[in-house]
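Listed here are the chains, written in short residue letters.
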Amino acid sequence: MTASQRKITIALLGKTGHGKSATGNTILRKNYFKESSNMSSCSKLVKDGENKIDGYVVTVYDTPGPYDTDENEAFMKKKAVEHCDTLMYACTNSGVNAFILVLNYSASYTEEEIKTVNMYEQIFGPDFIKNHGILVFTHGENFDEEETGNFKTWCNAQTGPMKTLIEKFQDNILLIKNKGSFDGIRATSSHDILQLCIKKKEYLKCDYDRPSCIRNRKVLSGSGSYCKIM
Ligand SMILES: Nc1nc2c(ncn2[C@@H]2O[C@H](COP(=O)(O)OP(=O)(O)OP(=O)(O)O)[C@@H](O)[C@H]2O)c(=O)[nH]1
Ligand SMILES: [Mg+2]
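What you see is a predicted model; the values in this text were computed from it and never measured.

### What to know about unusual backbone geometry
Consideration 1: Even without being glycine, arginine 29 reaches a positive phi, approximately 60°.
Consideration 2: With 18 C-beta atoms counted inside 10 Å, the residue arginine 29 sits in the partly exposed group.
Consideration 3: Of note, the phi angle at aspartate 54 is positive, near 50°, even though the residue is not glycine.
Consideration 4: Examined against the element boundaries, aspartate 54 turns out to sit in the loop between β2 (47–53) and β3 (56–62).
Consideration 5: For aspartate 54, a count of 13 C-beta atoms within 10 Å translates into the label partly exposed.

### Thoughts on the confidence of the model for the protein
Consideration 1: Mean pLDDT over the protein stands at 91; residues scoring 70 or higher make up 90%.
Consideration 2: This stretch, residues 226–230, has a pLDDT under 50; its non-local contacts, to residues over four places away or in other chains, come to three contacts.

### Let's talk about the pairing of β2
Consideration 1: Pairing of β2 with β3, which is carried by seven bridges, proceeds in the antiparallel orientation. Residue lysine 47 lies in a different strand from β3, and its bridge partner there is aspartate 62.
Consideration 2: Where β2 folds back on β3, the antiparallel hairpin that results is connected by two residues, among which aspartate 54 adopts a positive phi of roughly 50°.

### Comments concerning the nonpolar core
Consideration 1: The biggest cluster of nonpolar side chains holds 43 residues, and the ones touching the most others in it are Ile10, Ile100 and Val136.
Consideration 2: Contact partners of isoleucine 10, with chain neighbours within four places excluded, come to Ile27, Val58, Val60, Tyr61, Asn97, Ala98, Ile100 and Cys197.

### Some remarks on the packing of helix α2 (residues 73–90) against helix α10 (residues 211–221)
Consideration 1: It is the contact of α2 with α10, at a shortest axis distance of 8 Å, that shows an interaxial angle of 140°. Taken together, the axes of α2 and α10 lie oblique to each other. In contact with Lys77, Lys78 and Val81 of α2, α10 contributes Arg217, Leu220 and Ser221.
Consideration 2: When its residues are assigned to classes, the contact of α2 with α10 shows two nonpolar, one polar and three charged.

### Here's the deal with the sheet that holds strand β6 (residues 173–175)
Consideration 1: Within the open sheet, the six strands sit side by side as β2-β3-β1-β4-β5-β6. Their pairing is mixed. The open sheet terminates on both sides in strands that have one partner only, identified here as β2 and β6. For this sheet the average axis-to-axis angle between neighbouring strands, irrespective of direction, equals 25°.
Consideration 2: Pairing of strand β5 (residues 133–138) with β6, which is carried by three bridges, proceeds in the parallel orientation. Each residue of the ladder has a partner; that of phenylalanine 137, found in β6, is leucine 175.
Consideration 3: In this fold helix α8 (residues 185–197) packs onto β1 (7–13), β2, β3, β4 (98–104), β5 and β6, with an angle of close to 165° to the strand it touches most, β5.

### A short note on the environment of isoleucine 176
Consideration 1: With respect to the secondary-structure elements, isoleucine 176 resides in the loop between β6 and α8.
Consideration 2: Using a count of 25 C-beta atoms within 10 Å as the deciding quantity, one classes isoleucine 176 as buried.
Consideration 3: Through-space distance from the C-alpha of isoleucine 176 to that of asparagine 104 is 9.7 Å; in sequence the pair is 72 residues apart.
Consideration 4: Excluding residues within four positions of it along the chain, isoleucine 176 makes contact with Thr23, Thr26, Val136, Thr138, Gly140 and Ser189.

### Let's talk about the environment of aspartate 144
Consideration 1: For aspartate 144, the location among the structural elements is in the loop between β5 and α5 (145–148).
Consideration 2: Separated by 110 residues in the primary sequence, aspartate 144 and lysine 34 place their C-alpha atoms 28 Å from one another.

Each value, and the rule that gives it
- Residues numbered from 1 in each chain as written.
- Chains lettered and ligands numbered in written order.
- Predicted model: local features only at pLDDT ≥ 70, side-chain atom pairs only at ≥ 80, totals over all residues.
- Buried ≥ 20, exposed ≤ 12 C-beta atoms within 10 Å, placed from the backbone.
- Helix = DSSP H or I, 4+ residues; strand = E, 2+ residues; numbered from the N terminus.
- pLDDT = per-residue confidence, 0-100.
- Contact = placed C-beta atoms within 7 Å.
- Pairing = 2+ DSSP bridges.
- Core = buried A, V, L, I, M, F, W, Y, C linked by C-beta atoms within 7 Å.
- Axes fitted to C-alpha atoms, helices over the stretch in contact; angles between N-to-C directions.
- Parallel < 35°, antiparallel > 145°, perpendicular 65-115°, else oblique.
- Nonpolar A, V, L, I, M, F, W, Y, C, P; charged D, E, K, R; others polar.

Structure below.
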């Protein structure tokens, strides 16, 4: 990355309530995004915030989480596709360096979270996690190192769908706390996240416009006809 390219664009993804907006605030070290105060979905639109951090112009796109309890699955998928379209349209010039999947460390990794990840792979393409993905666990204050060993040990000890997820993200996994002042532990988390982001190459609009991605999005959103060739 040259001096003139010192720009980092980040998109936050994940099921509702896991801490996307709070993570966006931690990254930007300022309260840009509204965090939900209860279990209902808070962010309804794709929003962006920007700040200059560690010499980089950092832009964060916060997306609404799928699986709002009020929505049926078909409607939820259609909305998710629309939000990803909005995101990639907004990033037409810069692309996205990193897609951060946000998961609450304290919550169980259920069928809905698994489906959410599968849906994003359909929308952005099967390699997007390998090439551009970062997994951020929030609510890190609930992590008990005495009980589980350090975070790396905990990751290595996972089984089942969580193990599969962790393997997809390889070393691009962090545990953070989105509570406290922005110049303390949250600044360290912001720095750690940005260090992973700058190693990623951009996911561009042309990646999003690949025929396979367009076809998947049509199927997910129920628009257009799709005939599976056997
Ligand atoms: N204690 C603690 N609370 C957190 C942490 N991260 C997020 N929260 C809280 O968890 C709640 C949900 O976080 P949000 O950031 O609003 O979740 P979201 O993923 O943006 O949710 P939607 O906008 O509905 O998709 C909020 O009350 C946050 O303040 C964390 O690391 N620790
Ligand atoms: Mg939110």
